[in-house]
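Close look at the chain arrangement
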Amino acid sequence: MVEYTMIITEALRAMLQFTTILPMGRSADYDAFARHAYLLPLSGYLVGGVAGLCSLLFASPQIAGAVALAVALVLTGFNHFDGLCDLGDGMMAHGSREKRVTALTDRTLGAGAVGTAVIVMLLAYAGITTVTEIAGAILIAEVMGKFVQVLLIATGRPFREGMFSYIRTFARWWFVPLSCLLVLPLLLLPISPISAGAAGAAALLTAGLLLVVTRQLFGGVNGDIVGASHELTRGMVLLALAVTGF
């Protein structure tokens, strides 16, 4: 039991080093995170919780919503946002699959990156400033974003060798149900069944569309797409919560 606790503790530390900018002491073993990627929703609870608490400092929903989104972006080191920009460039590239993959994976940012980032952040901002419970909404959105990342890690097909293909070798089908169990505590929030169902449906729809579209355009998934999935899911979940009156 003590040994298992130490393994999970190390996995959590590695996960937080990889997904946030929080100081976690000595460098953790990346493999510890890869073997336990189903723990990703716990990172969502931390980031979403901090972002939600910061939003409570402001009475204006416009300011509170902007602060919540800004804190979430900063705490994650803009890594997922960078993936969103890369995905935008890849999707907007013209020509063969090879050209799209090149646009997705190169270091330059084009109009596709800027346009995609602006659209997704505008939708997320519209959603979070419309809900009644901003702190709860950002918490739900961050956790669901991490759950979708687990879905892509467990089911996505790598189209090239890299960080994603490496972590994919550790993934197992049971990562998804274990990760789902970590999402269930969100039901303790004052959320209606309709809002909860809409948030879950938005997350699953985002994951499904990403898997279909990226396989068609790029031949599969890479780390940029997994990062982008979090940003897209956050925006979709916030909109779903707003529409259902959360």
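Regarding its fold elements, the protein presents twelve helices and zero strands. Reading the protein from its N end, one meets helices and strands in the order α-α-α-α-α-α-α-α-α-α-α-α. Here the C-alpha atoms of the protein give a radius of gyration of 17 Å, agreeing with the 18 Å that 2.2 N^0.38 yields for 246 residues. Residues counted as buried form 50% of the 246 residues belonging to the protein. Of the accessible surface of the protein, which amounts to about 11,400 Å², a share of 70% is contributed by carbon and sulfur atoms.

With that settled, the discussion passes to the environment of glycine 223. One can find glycine 223 in helix α12 (residues 223–243). Glycine 223 sits 128 residues away from glycine 95 along the chain, and the two C-alpha atoms are 22 Å apart.

As a further point, take the environment of alanine 202. With respect to the helices and strands, alanine 202 occurs in helix α11 (residues 193–218). For the pair alanine 202 and glutamate 231, spaced 29 residues apart in sequence, the C-alpha to C-alpha distance is 13 Å. For alanine 202, the residues in contact, after removing those within four places along its chain, are Met236, Val237 and Ala240.

For helix α5 (residues 79–92), which comprises 14 residues, the first-to-last C-alpha distance of 20 Å matches the rise-based estimate of 20 Å (1.5 Å per residue) to within 8%. Regarding α5, the residues found buried are His80, Gly83, Leu84, Cys85, Asp86, Leu87, Gly88, Asp89 and Gly90.

The geometry of α5 relative to α12 is characterised by a closest axis approach of 7 Å and an angle of 105° between their N-to-C directions. Considering the angle they form, α5 stands roughly perpendicular to α12. Between α5 and α12, the contacting residues are His80, Phe81, Asp82, Gly83, Leu84, Asp86 and Leu87 on the first element and Asp224, Ile225, Gly227, Ala228, His230, Glu231 and Leu232 on the second. In terms of residue class, the contact of α5 with α12 is built from six nonpolar, four polar and four charged.

Attention now moves to the packing of aromatic side chains. Going through the model one piece at a time under the given rule, you end up with seven aromatic pairs. Centre to centre, the rings of phenylalanine 78 and phenylalanine 81 are 6.4 Å apart; their planes meet at 75°, and the pair counts as edge-to-face. In this structure phenylalanine 81 comes out as partly exposed when scored by relative accessible area, which is 22%. Through pairs of rings, three or more aromatic residues link up here, namely Tyr38, Trp174 and Phe175.

On to the pattern of salt bridges, then. Opposite charge on two side chains allows them to pair when their charged atoms are near. A complete count under the given rule lists three salt bridges for this structure. Of the charged contacts, one joins arginine 234 and glutamate 231 as a salt bridge, the two residues approaching to 2.5 Å between their closest N and O atoms. Remark: glutamate 231 and arginine 234 occur in helix α12; sequence separation between them is three residues, near one turn of the helix. Residue class for arginine 234 comes out buried when judged on its relative accessible area of 0%. Assessed through its relative accessible area of 1%, glutamate 231 is described here as buried.

Bringing the nonpolar core into the picture now. Ile140, Met144, Leu152, Phe218, Ile225, Val237 and Leu241 are the most contacted members of the largest nonpolar core, which totals 71 residues. Examining the composition of this core, we find that 14 residues originate from one element, helix α8 (residues 134–155), more than from any other. Setting aside chain neighbours within four positions, we find leucine 241 in contact with Val131, Ala137, Ile140, Ile191, Ser195, Ala199 and Phe246.

Turning our attention to the side chain of threonine 214. Mapped onto the fold, threonine 214 is located in helix α11. With a relative accessible area of 2%, threonine 214 lands in the buried category. In this view, threonine 214 contacts Leu87, Gly219, Gly220, Val221 and Ile225; residues no more than four positions away in its chain are not counted.

All right, on to a nonpolar patch on the surface then. A contiguous nonpolar patch, built from Met91, Met92, Leu205, Leu209, Val212, Val213 and Met236 and spanning about 600 Å² of accessible area, is present on the exposed surface. Taken together, the elements giving at least two residues each to the nonpolar patch come down to α5 and α11. Examined against the element boundaries, valine 212 turns out to sit in helix α11. Given a relative accessible area of 57%, valine 212 falls into the exposed group.

Analysis parameters
Residues numbered from 1 in each chain as written. Predicted model: local features only at pLDDT ≥ 70, side-chain atom pairs only at ≥ 80, totals over all residues. Heavy atoms only, no water. Helix = DSSP H or I, 4+ residues; strand = E, 2+ residues; numbered from the N terminus. Rg over C-alpha atoms; globule rule 2.2 N^0.38 Å. Buried < 20%, exposed > 50% of the residue type's maximum accessible area, 1.4 Å probe, protein only. Areas by Shrake-Rupley, 256 points an atom, 1.4 Å probe, with all protein chains shown as cover. Contact = heavy atoms within 4.5 Å. Expected span 1.5 Å × (residues − 1). Axes fitted to C-alpha atoms, helices over the stretch in contact; angles between N-to-C directions. Parallel < 35°, antiparallel > 145°, perpendicular 65-115°, else oblique. Nonpolar A, V, L, I, M, F, W, Y, C, P; charged D, E, K, R; others polar. Phe/Tyr/Trp six-rings, centres within 6.5 Å; stacked < 30°, edge-to-face > 60°. Salt bridge = Lys/Arg side-chain N within 4 Å of Asp/Glu carboxyl O. Core = buried A, V, L, I, M, F, W, Y, C linked by side-chain atoms within 4.5 Å. Patch = residues over 30% accessible without salt bridge, like charges linked within 9 Å, V, L, I, M, F, W, Y side chains within 5 Å.

As far as function goes, none of this settles anything; it's purely spatial.
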